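Here are the chains, one letter per residue:
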Amino acid sequence: MLMKIGSSPCPAFSHLLRILLLLILAAGNSGLMAQPISAHVEPVATNAVLGTSVTFCAVAQGSGTFNYQWQKNGLNLPGATNQCLSVTNIAIADGGSYRATITGGLNALQSAEGLLLVSLDSLPGTDLFDAGTFITVASNSVSGASFSATRELYEPFHLGLSTSNSVWYRWRTPVSGIVTFDTQGSTFDTVMAVYGGGLQRLTEVASDDDSGGFHTSRLTWNAQAGVDYNIVIDGVTGETGHYVCNWNLQPTGVRVPVITLKPSSRTAPPGGTVTFTAAATDPRGILLFQWFHNEQPIPGATSSNLTIVNVTAAHLGQYRLAVTNSVGLSAISPPADLEIGPIASVQSKDKIAQVPTANGGSRFAAGGTSAGTFSLAAGTIINHRFFNAGTTDRCEPAHCGVPGGASRWFQLAALADGICTIDTEGSDIDTILAVYLQNFSICTNLYEPLVDCNNDVIGSCEQILGLQGTRERGSRLSFFATAGTIYRAVVDTVGGVRGTNVQFNVHFTTTASAPATTAQIDSETNCLLQLRGSSVSLQVATGFASPSNTYQWFVNGRKIAGATRDGLLLPFLNYSDAGRYSVNIQKGSAGTLLPGASILVLDPCRGEGEGGSSNRIFRLIGAATESIQLQSSASLNTTSAWQSITPIRASIEPLVWDVSTGSFRFYRALRLPP
């Protein structure tokens, strides 16, 4: 690329920079800065006796200095930031899947898991409801595995989640009392429920997802002597693994209150009114109610219903109802979220398993979007605000290569082809943003359907270069959305910070606001130097295009989910969009990979210096995922003498490119050989 630099200040980049040539070729490619490329945990699995100790160590391949954050069943362990993690005086609840997020350079990845299995008596549940493993003792802890478990015809989705791998127990209560079942010590995200009746006429007694801690389940109910209860253990989004089933019966004549109607999450417009509704029963008939907001009691909120008027950001968060009977026994409802947004039926979700589906796939027919989904049509603008109480799914990756741990999910359905721009401007915390196709299970192929991601928007030159410069910590991305396709957007926070308000903004248009630079893609490689905020259209050259071909676009070797046309539109470029874009063309059994284009993204900065143009410094803020050489010349013709100014190292983070002093210089960028 060539640039002509003038002597005047640059409030408008177009007055200083003219794109004269887009194609500069050089052989080879250069790697990114050092980073972890793979990692695992040793030991891979261990059977531990109660009271003993185990040490897991993360082993990473790659170069550079690494940082570590350990997780158990996907959730961050506070303070566990060494390469090795010791678990001492092992209890049943210490069982689980342990992994580390490993950070080095500009990238983070999760290691493979190491399993801590606590040695217990093996008594696995059965796959079939009618053959449920029969148990009669009052208390015990047993282990099993659900790898080959399935979902039966007529079996419900337990707790309304996308469950599919259930195992069943049938417990006959020896005496009446209060019983607690849990799955603490399991290695995956469990869901637990207890039912009465037969498979086609099940009556739910109790159900739970995460009350056991670290994505395990815990539920309590009033058990009647001699009654058979059907207990099911399942996993969310197809998860299977080693599980633990613990139960303990407290023989007693008293009862805990029963919450018969659980409060549901609500979305209200700014200034609107919402009501959380609940109901409970108790044989003694005397109940006390207390509502909680983000785990703090709400003064005066002592009835079964809670109404909030003039909803503001201060009201966002989680609401629970505690119900206490006359003997002091209590039951607490699951949390219900209050969010501010334009559609009452849409709330952010903590887990993929909670996100609705449409016709069971990633595409839908006209009018086939489901409740809980934002529809994208021409002119759609969404401003949604929520309290971030999210966690992470067990196998969830570090979105955009940034360590997170507090993700919330939305579902978007494109009703037409168009450009979808999502940002988190106005959030109270440093966010991470990513978009995936809908059709994935989080523990199998989450990386495969990634559409786009972004960590930091990055502010103006004045913000970055100033002595008190502060980077924008919001996230923003733009992608071309295909009509009839469902997307899942996730908002996470850097470091997994919870307890803050987050803004989720969406703008959808069927046309770009400015024409895109078009580059023909053939067997050569284009090198495109583009302004941040501009758009690029990469189009397979006529000689390589055919109606019988299929196409798949890649960026830096990663498949771009949904990019399967002969052209790729990259709207409103951000620094994170810098990279090598290639396309694989398939015709029958023959495939051709075109090298595509290396796209560099930059912003101009105001010139500095006094005393005329000869003393003025011109700076660029830019990002490139491969090393380039910046050169300048006093003239532009066939005999121009090009002088090397500075090498630009590979970085997905924007860097300051200091160029030259002097009046009216021409600049170009060349890809360096490996």
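Before any of the text, the structure's been laid out above.
So, here's what we can say about the structure. Everything numeric here is computed off the predicted structure, so don't read it as measured data.

## What about the state of the cysteines?
What is meant by a disulfide is a covalent connection between two cysteines, made through their sulfur atoms.
Phase 1: Tallied over the entire structure, the rule returns two disulfides.
Phase 2: Bridging Cys57 to Cys84, the disulfide has an S-S length of 1.9 Å. On the sign convention where negative is left-handed, the bridge of Cys57 and Cys84, at about 105 degrees about the S-S bond, is right-handed. With a gap of 27 residues between them, Cys57 in strand E4 (residues 54–62) and Cys84 in strand E7 (residues 84–87) connect regions that are remote in the sequence.

## Observations regarding the sheet that holds strand E42 (residues 536–540)
Phase 1: In space, the three strands of this open sheet follow the order E40-E42-E45, with mixed pairing throughout. Strands with a single pairing partner mark the edges of an open sheet, and in this sheet they are strand E40 (517–521) and strand E45 (567–570). Taken over all neighbouring pairs, the strand axes of this sheet differ in orientation by 15 degrees on average, direction set aside.
Phase 2: Where E40 and E42 come together, five bridges link them in parallel fashion. Considered in E42, the bridge of Thr517 is made with Val536.

## Brief notes about the side chain of Asp452
Phase 1: Within the fold, Asp452 resides in strand E36 (residues 450–454).
Phase 2: Not counting the four nearest positions on each side in its chain, Asp452 is found in contact with Ala434, Val435, Leu477, Ser478 and Asp577.

## Looking at unusual backbone geometry
Trans is the common state for peptide bonds, and a negative phi is the common state for residues other than glycine.
Phase 1: Residue Pro43 is bonded to the preceding Glu42 through a cis peptide linkage, with omega at -5 degrees.
Phase 2: Positionally, Pro43 belongs in the loop between strand E2 (36–42) and strand E3 (45–48).
Phase 3: Although it is not a glycine, Asn73 adopts a positive phi angle of roughly 50 degrees.
Phase 4: Within the secondary structure, Asn73 sits in the loop between strand E5 (67–72) and strand E6 (75–76).
Phase 5: At Phe572, a residue that is not glycine, the phi angle is positive and equals roughly 50 degrees.
Phase 6: Inspection of the secondary structure puts Phe572 in the loop between E45 and strand E46 (579–587).

## Remarks on the pattern of salt bridges
Phase 1: Going through the model one piece at a time under the given rule, you end up with 13 salt bridges.
Phase 2: Close ionic contact of Arg172 with Asp228 constitutes a salt bridge, the shortest N to O distance being 2.7 Å. On the criterion of sequence distance, the pair formed by Arg172 in strand E14 (residues 167–172) and Asp228 in strand E19 (residues 228–235) is long-range, its members being 56 residues apart.
Phase 3: On the basis of relative accessibility, which here comes to 38%, the residue Arg172 falls in the partly exposed class.
Phase 4: A salt bridge links Lys351 to Asp210, with the nearest nitrogen and oxygen atoms 2.9 Å apart.

Definitions and cut-offs
- Residues numbered from 1 in each chain as written.
- Predicted model: local features only at pLDDT ≥ 70, side-chain atom pairs only at ≥ 80, totals over all residues.
- Heavy atoms only, no water.
- Disulfide = S-S within 2.5 Å.
- Helix = DSSP H or I, 4+ residues; strand = E, 2+ residues; numbered from the N terminus.
- Pairing = 2+ DSSP bridges.
- Axes fitted to C-alpha atoms, helices over the stretch in contact; angles between N-to-C directions.
- Contact = heavy atoms within 4.5 Å.
- Salt bridge = Lys/Arg side-chain N within 4 Å of Asp/Glu carboxyl O.
- Buried < 20%, exposed > 50% of the residue type's maximum accessible area, 1.4 Å probe, protein only.

Everything listed here is a matter of geometry and, on its own, says nothing about what the molecule does.
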